[in-house]
Amino acid sequence: MRIAVTGSTGLIGSALVRSLLADGHEVVRLVRHRSRTGPQPDGSTAIGWNPLLGEVQRDGLDGVQAVVHLAGAGVGDHRWTDAYKREIRESRVYGTETLAAALAEMKEPPRVFVSASAVGWYGQTGDRVIDEDSPAGDDFLAEVCLEWEAAARPAERAGIRVVHPRTGMVLSTTGGAGGRLFPLFKLGLGGRLGNGQQYWSFISLHDEVAALRFLIDHDDLSGAFNLTAPNPATNAELTTALGRALRRPTPFPVPEAVLKVVLGELAVEVVGSHRVVPRRLSDAGFRFTHPDVYSAVLAAL
């Protein structure tokens, strides 16, 4: 297949591109710097786009059968100032609007548009088990996710199959929350955050990529799918798994009050709880390689 990918240099995007190329697929990367367009060293091709200006090199999408849209400012990359919250929102909504409009106007549009979302869609849910039938939340990230998913509707109205993978915390040593946690635990400086009882709905990077490819390949699947392992773990359980896998003590809990001082509003997400399960993905026949937190931690190492 010929598959276009945004966010192709990020944690998930880079792993997805490697997987697709390894299996002989043709990959088109959408990049914001036109100086980086053209053939790439790994065999992919890059075309230009500017999501904030609504621009995309449309002829570069000719013949594309699937588009995977992963681009967006990292939620945990910076303190949540008003300016950065605006960047989080605009980078997702404007980029999705730009792509959805471009795809809808193609003479031969792709058969599927996999447009990323996140488990933040549900808001803070405590210890209740949440699946795709659960209602949306009402906090900042939930509002962003609602707009993010709605921005893909032009593609859906044009008859393109649209899928929204609502991804949880991807466990990896090379990026995301794991990229920050693993080094601390390796140094023996890890510990639970807050009271540790908040649920973190995680997924291994391997299973994330496999699930995205599963959603691309199955023409009967559309709508929202939770991309989380079937056994969500509390922060305390993740802390124990990291300490066990790395053979390090985990003696340094971080009180919630300290997190609020250091992280500001972002601390709400860190100590918040999302107990999300992948009901629709499991019902569709997807099988997780790393269904529990310890196996996911080992896979990351």
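See the structure shown above.
This section reports on the structure supplied with the text.

The rules behind the values
Residues numbered from 1 in each chain as written. Predicted model: local features only at pLDDT ≥ 70, side-chain atom pairs only at ≥ 80, totals over all residues. Heavy atoms only, no water. Helix = DSSP H or I, 4+ residues; strand = E, 2+ residues; numbered from the N terminus. Rg over C-alpha atoms; globule rule 2.2 N^0.38 Å. Buried < 20%, exposed > 50% of the residue type's maximum accessible area, 1.4 Å probe, protein only. Contact = heavy atoms within 4.5 Å. Areas by Shrake-Rupley, 256 points an atom, 1.4 Å probe, with all protein chains shown as cover. Lys, Arg positive; Asp, Glu negative; His and termini not counted. Charge placed at Lys NZ, Arg CZ, Asp CG, Glu CD. Axes fitted to C-alpha atoms, helices over the stretch in contact; angles between N-to-C directions. Parallel < 35°, antiparallel > 145°, perpendicular 65-115°, else oblique. Left-handed = near helix turned anticlockwise from the far one by under 90°. Nonpolar A, V, L, I, M, F, W, Y, C, P; charged D, E, K, R; others polar. Patch = residues over 30% accessible without salt bridge, like charges linked within 9 Å, V, L, I, M, F, W, Y side chains within 5 Å. Salt bridge = Lys/Arg side-chain N within 4 Å of Asp/Glu carboxyl O.

1. A few points about the overall build of the chain
Counting its secondary structure elements, the chain contains 11 helices and 14 strands. Taking 301 residues into account, the globule formula puts the C-alpha radius of gyration at 19 Å, and the chain, at 19 Å, falls close to it. Principal-axis analysis of the C-alpha atoms places the extent of the chain at approximately 60 × 40 × 40 Å. For the chain, the proportion of its 301 residues judged to be buried stands at 53%. For the chain, long-range pairs separated by at least 24 residues make up 76% of all intrachain contacts whose partners lie at least 6 apart in sequence. When the accessible area of the chain is evaluated, it comes to approximately 13,500 Å², of which 51% is carbon and sulfur surface. Looking at the chain, you have 31 positive and 34 negative side-chain charges, and the mean spots of the two groups are 5 Å apart.

2. Focus on the packing of helix 5 (residues 176-186) against helix 7 (residues 235-246)
Direction vectors running N to C along helix 5 and helix 7 enclose 55 degrees, while the axes themselves pass 10 Å from each other. Regarding the angle of helix 5 to helix 7, the classification is oblique. Our pair here, helix 5 against helix 7, has a crossing hand that is right-handed. Across the interface between the two elements, Leu181, Phe182, Phe185 and Lys186 of helix 5 pack against Leu238, Thr239, Leu242, Gly243 and Leu246 of helix 7. Class assignment for the residues of the contact of helix 5 with helix 7 results in six nonpolar, two polar and one charged.

3. So, the environment of Phe182
Within the secondary structure, Phe182 is located in helix 5. It is 9.4 Å that separates the C-alpha atoms of Phe182 and Leu171, two residues lying 11 residues apart in sequence. Residues in contact with Phe182, not counting those within four places in the same chain, are Ser172, Thr173, Leu242, Leu246, Val297, Ala300 and Leu301.

4. A closer look at a nonpolar patch on the surface
Together, Leu184, Leu187, Leu189 and Phe252 line one region of the surface with nonpolar side chains, adding up to about 400 Å² of accessible area. Among the secondary structure elements, Leu187 is positioned in the loop between helix 5 and strand 11 (199-200).

5. Side note on unusual backbone geometry
Despite not being glycine, Arg247 shows a phi value in the positive range, around 55 degrees. Here Arg247 lies in the loop between helix 7 and helix 8 (256-263). Here Arg247 falls in the exposed class, since its relative accessible area comes to 75%.

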